[in-house]
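# Structure at a glance
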Amino acid sequence: MFGASCRSVPASMTLAGSGKAHCVIVRQAGATAPEQTAVKELAEHLRLITGAQFAVEDATDLSSVPKDAIIIGPGAAAQAVFPDVALDKLGPEEFVMRTKGGRLLLAGGRPRGTLYAVDRFLQEQGGVRWWTPWATNVPQRATLRIPNLNVRYQPPFEYREPYWFAGFDPLWKARNGPNGEMPQISAELGGCIIYKGFAHTFYPLVPPEKYFATHPEWYSLINGQRTRQNAQLCLSNPELRNFVVSRVKEWLREAPDARIISVTQNDCQGACQCPNCKAIDDAEGGPSGSVIAFVNYIAEKIEPDFPNVAVDTFAYQYTRHPPKTLRPRPNVIVRLCSIECNFRAPLDDPSNAAFLADLAGWSKICHRLYIWDYTTDFGNYVLPHPNWFTLGANVRLFQQYGVRGVFEQGAYQGFGGEMGELRAWVLAQLLWNPRQDDRALIQEFLDGYYGQAAAQPIRRYLDLMYGASKGFYLACYTRPNAPFRTFKVLAQAEALWQQAEKAAANDPEKLIRVRMAHLPVRLAFLRDWPRLRYDCWEENGVWPLPESRESAAGEFAEVARGVPGKPWTVVNPLRESGLTVAKYVAELGPDVPGTLGPPPPKRLAKARPPADLKGADLRGAVDLQDDVANLAKPGEWAEIRPDPAASDRRAVWMPGTHKEWAFVIPPGRLPEKARHGRWRVYAVVRVEPAAGAKPIAPVFSAGIYDETSRKSLASLTVNLGAAGDGYRSHWVGTAEMNPGCEIYVAPAADGAAKSVWVDRVLLLPAR
Ligand SMILES: [Zn+2]
């Protein structure tokens, strides 16, 4: 699976037989710290695999290398044994694995190549897997043979950061291939790529609290005013440019190990509109023009003093589109950010066409294009976020477009991010070698980390959620109406996780992992509990959890508190703003009235006629029940709820805290005969008054709206006095209907109604 570049033939070398070492490990004179680490890493893991002690011997030249040996690193002895390998030409992360006459060479360029050679060898030939910093798999075999090897490999991305908290461990990173700085990797483990500043550094470089008063002209001119609020810098100002050059040099002197300095826009809009900035942006087709012109200037000025440092900037939100004629200098890195994209589909899906065009554009003009990609739901790290099967396609797409560095931002603030362990490992492997089969990697992780028995239902869960989200625009922040959070899907998901827990029941460690991974589905239930309860009843479903949300929330909180001595089992926080599980559960509060107990009586197939229209001629009437309407923000603005007083025992509930048209019967839901001719339209509504509300206060409105002519055909506002008790049929108006007509009901939002309940809309032929 790992050896994409491996051309091995069946002949073999035996490293150990029946638990006895058949060769020694050779450490060479002049070995660097990471090369010494590589020697220890190999000896230790070969012992764990085979049970044999492998002696480590020092060698300086050909004569001191034993006949059967694993030679570590690019020293003189290695070069003498393998004269045809240009060891001094290997890149800093490039390595070779070679066998010849009873000897194996594991060596790479400096600083990290040799350690990578050993860790890849242990994975590919030894079957070792470092799933997480706390979970390693070392297969045991007393006899270890390897095929002839002739491998030379260098990862295609120079910068690889799967930014998931589960992978925040220097040793895990060194073993799996990430080389970013969060957290930093020590020199003994090969070091890492160090940034000075990382994101949104315009103001840290030019703090407005220090400079705005004396140099307002250094900041954005917006609507005729220099401002520091939601703004950027005046990037064309020559004095500002030179000031930033001096600040960048200052920063780099503070951080001698930094190889990249971030000169990046603030996390807001607010590009400068002054004539000079605007002239550049107009000529370049957008605000990336003034940013690249500015960053090029900085990069040129610092290059003589800092030839090994690149200046990094963003193509982010308002600067995502590349400039027409400007070209980033060779010592400039552009980080293109995918924040607006649909992560359910690959980034080359038609729904992401604008991003793909920008990726293609930058890849043509930028020497060092990096990507800042988003792989979690920042609105809630723990909720299901079915992007698992697009990760591989996206990493391959980046490679295809010549991208040189990838930052995959995930749940980075704590443990418990949904499938965080899987994503950290799979992304690390894909960034190391994008040609691997991502679905096979996912399966391998599930089998290894959760155990093969539990892996089966978990894999079915991934497929279920992925399938249910087809066609949905999966943003990197929570959206209502996610189709994979319906009762039907979540009930199946819950059943699969219960199966997975059963399957892991005899392995306490794996059971802890499964229970933790189960939390996202539980959280999806907690989040939409009343709606899911009602939907379960509507669909005659079987509720898979306790009936009480309070008790389910207690179970959730207990698992999320974690297991003593295992920090990685503590789930926190739930979202980027820092919300804790304890606070979230406390805010859920007690059970919602009407969600407990047995299901309410079923919806009547045939609704009762309205009591207050008894005298009217109901022949030919059209009865549009609550379930015909489109609801906006279900569960928040509107929701179908049981109501014994409603004609079919169901009505749409809306809180009196908004005035949105949250109940809309769209043109497509009207029966054919109601799309033409003259109709008297009634809304059958019940209002639950707020305490102390006055009879003259408006409580809801209703109307007929023609989408074709964009005109209101009729509308009605009802006050509390007219709303009365119980359901009343309110005459909305009489209208000449056409196929573009929709009918809406909205609360009045002034607090007079606690809630507004819509039973049905009735259309009577106007005779
Ligand atoms: Zn300006």
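Quick caveat: nothing in here was measured; it's all calculated off a predicted structure. (Residues numbered from 1 in each chain as written. Predicted model: local features only at pLDDT ≥ 70, side-chain atom pairs only at ≥ 80, totals over all residues. Heavy atoms only, no water.)

### Some points on the overall build of the chain
Of regular secondary structure, the chain possesses 20 helices and 31 strands. Dimensions along the principal axes, computed over C-alpha positions, put the chain at roughly 110 × 70 × 45 Å. Out of the 767 residues in the chain, the part that is buried amounts to 57%. Within the chain, residue pairs in contact and separated by at least 24 positions form 72% of the contacts whose partners lie at least 6 positions apart. Of the roughly 30,400 Å² of accessible surface on the chain, 52% is carried by carbon and sulfur atoms. Between the mean site of the 87 positive side-chain charges and the mean site of the 80 negative ones, the chain shows a separation of 2 Å. (Helix = DSSP H or I, 4+ residues; strand = E, 2+ residues; numbered from the N terminus. Buried < 20%, exposed > 50% of the residue type's maximum accessible area, 1.4 Å probe, protein only. Contact = heavy atoms within 4.5 Å. Areas by Shrake-Rupley, 256 points an atom, 1.4 Å probe, with all protein chains shown as cover. Lys, Arg positive; Asp, Glu negative; His and termini not counted. Charge placed at Lys NZ, Arg CZ, Asp CG, Glu CD.)

### Remarks on the packing of helix α15 (residues 487-503) against helix α16 (residues 508-527)
The contact between α15 and α16 brings their axes to 10 Å, and the two run at 165°. In terms of orientation, α15 lies roughly antiparallel with respect to α16. Our pair here, α15 against α16, has a crossing hand that is left-handed. Residues Phe487, Leu490, Ala491, Ala493, Glu494, Trp497, Gln498, Ala500 and Glu501 of α15 touch α16, and the partners they reach there are Leu511, Val514, Arg515, Ala517, His518, Val521, Arg522, Ala524 and Phe525. (Axes fitted to C-alpha atoms, helices over the stretch in contact; angles between N-to-C directions. Parallel < 35°, antiparallel > 145°, perpendicular 65-115°, else oblique. Left-handed = near helix turned anticlockwise from the far one by under 90°.)

### Some thoughts on the nonpolar core
Soluble, globular proteins show a tendency: their nonpolar side chains are buried together. One finds Leu42, Leu106, Val206, Trp388 and Tyr450 to be the most contacted residues of the largest nonpolar core, which totals 189 residues. Sequence-distant contacts of tyrosine 450, defined by excluding residues within four places in its chain, comprise Met419, Glu421, Phe445, Ile458, Lys510, Arg513, Val514 and Ala517. Core analysis: the second largest hydrophobic core is formed by 38 residues, Ala629, Val652, Cys741 and Val758 among them. (Core = buried A, V, L, I, M, F, W, Y, C linked by side-chain atoms within 4.5 Å.)

### Observations concerning the confidence of the model for the chain
As a general rule, the predicted coordinates of low-pLDDT regions are not to be interpreted in detail. Across the chain, the average pLDDT comes to 95, with 99% of residues at 70 or higher. In this model residues 1-9 is a low-confidence stretch, pLDDT under 50, and it forms 28 contacts with partners more than four residues away in sequence or in other chains. (pLDDT = per-residue confidence, 0-100.)

### Some details on the packing of aromatic side chains
Per the stated rule, a full pass over the model turns up 45 aromatic pairs. Between tyrosine 116 and tryptophan 432, the aromatic rings sit 4.9 Å apart at their centres with planes inclined by 70°, giving edge-to-face as the arrangement. Taken as a pair, tyrosine 116 in helix α3 (residues 113-124) and tryptophan 432 in helix α12 (residues 420-432) lie far apart in primary sequence, 316 residues in all. The pair tyrosine 116 / tryptophan 432 is uniform in exposure class, with both members buried. Sitting above the plane of the tryptophan 251 ring, lysine 196 keeps its charged end 5.3 Å from the centroid. (Phe/Tyr/Trp six-rings, centres within 6.5 Å; stacked < 30°, edge-to-face > 60°. Lys NZ or Arg CZ within 6 Å of the ring centre and 35° of its normal.)

### So, the coordination of the zinc ion
Ligation of the zinc ion by protein atoms is provided by Cys234 (SG), Cys272 (SG), Cys274 (SG) and Cys277 (SG), these donors lying 2.2 to 2.3 Å from the ion. If you look at the zinc ion, its four donor atoms make angles of 105 to 116° with each other, and the shape they trace is tetrahedral. Each donor residue of the zinc ion lies on one chain, and together they are spaced C-x37-C-x1-C-x2-C. On the criterion of sequence distance, the pair formed by cysteine 234 in the loop between β15 (225-226) and α7 (238-254) and cysteine 277 in helix α8 (residues 275-284) is long-range, its members being 43 residues apart. Among the residues examined, cysteine 234 registers a relative accessible area of 3% and is labelled buried. (Donors = N, O, S within 2.8 Å, 3.2 Å for Na, K, Ca; no water. Tetrahedral: all angles 85-135°; square planar, octahedral: opposite > 155°, others 65-115°.)

### Some thoughts on the packing of helix α14 (residues 452-468) against α15
In contact at an axis separation of 7 Å, α14 and α15 are set at 165° when each is read in the N-to-C sense. By the angle between their axes, α14 is roughly antiparallel relative to α15. The two elements α14 and α15 cross, and the hand of that crossing is left-handed. Counted together, Ala453, Ala454, Pro457, Ile458, Arg460, Tyr461, Leu464, Met465 and Ala468 of α14 and Val489, Leu490, Gln492, Ala493, Leu496, Trp497, Gln499, Ala500 and Ala503 of α15 form the full contact between these two elements. Its residues assigned to classes, the contact of α14 with α15 comprises 15 nonpolar, two polar and one charged. (Nonpolar A, V, L, I, M, F, W, Y, C, P; charged D, E, K, R; others polar.)

### Brief notes about the sheet that holds strand β30 (residues 741-747)
A sheet is described by the order of its strands in space; here five strands give the open sequence β22-β25-β30-β27-β28, paired in antiparallel fashion. The open sheet has two free edges, formed respectively by β22 (630-631) and β28 (711-719), since each of these has just one partner strand. Where β22 lies against strand β25 (residues 663-665), two bridges are found, and the strand directions are antiparallel. Bridging across to β25, leucine 631 finds its partner in phenylalanine 663. (Pairing = 2+ DSSP bridges.)

### Some words on the pattern of salt bridges
With the rule as written, the count across this model stands at 47 salt bridges. Residues arginine 678 and glutamate 736 are paired through a salt bridge, measuring 3.9 Å at the closest nitrogen-oxygen approach. Taken as a pair, arginine 678 in strand β26 (residues 677-689) and glutamate 736 in strand β29 (residues 728-737) lie far apart in primary sequence, 58 residues in all. Three or more residues are tied together by salt bridges with common partners; here these are Glu538, Arg603, Asp626, Asp627, Asp648 and Arg650. (Salt bridge = Lys/Arg side-chain N within 4 Å of Asp/Glu carboxyl O.)

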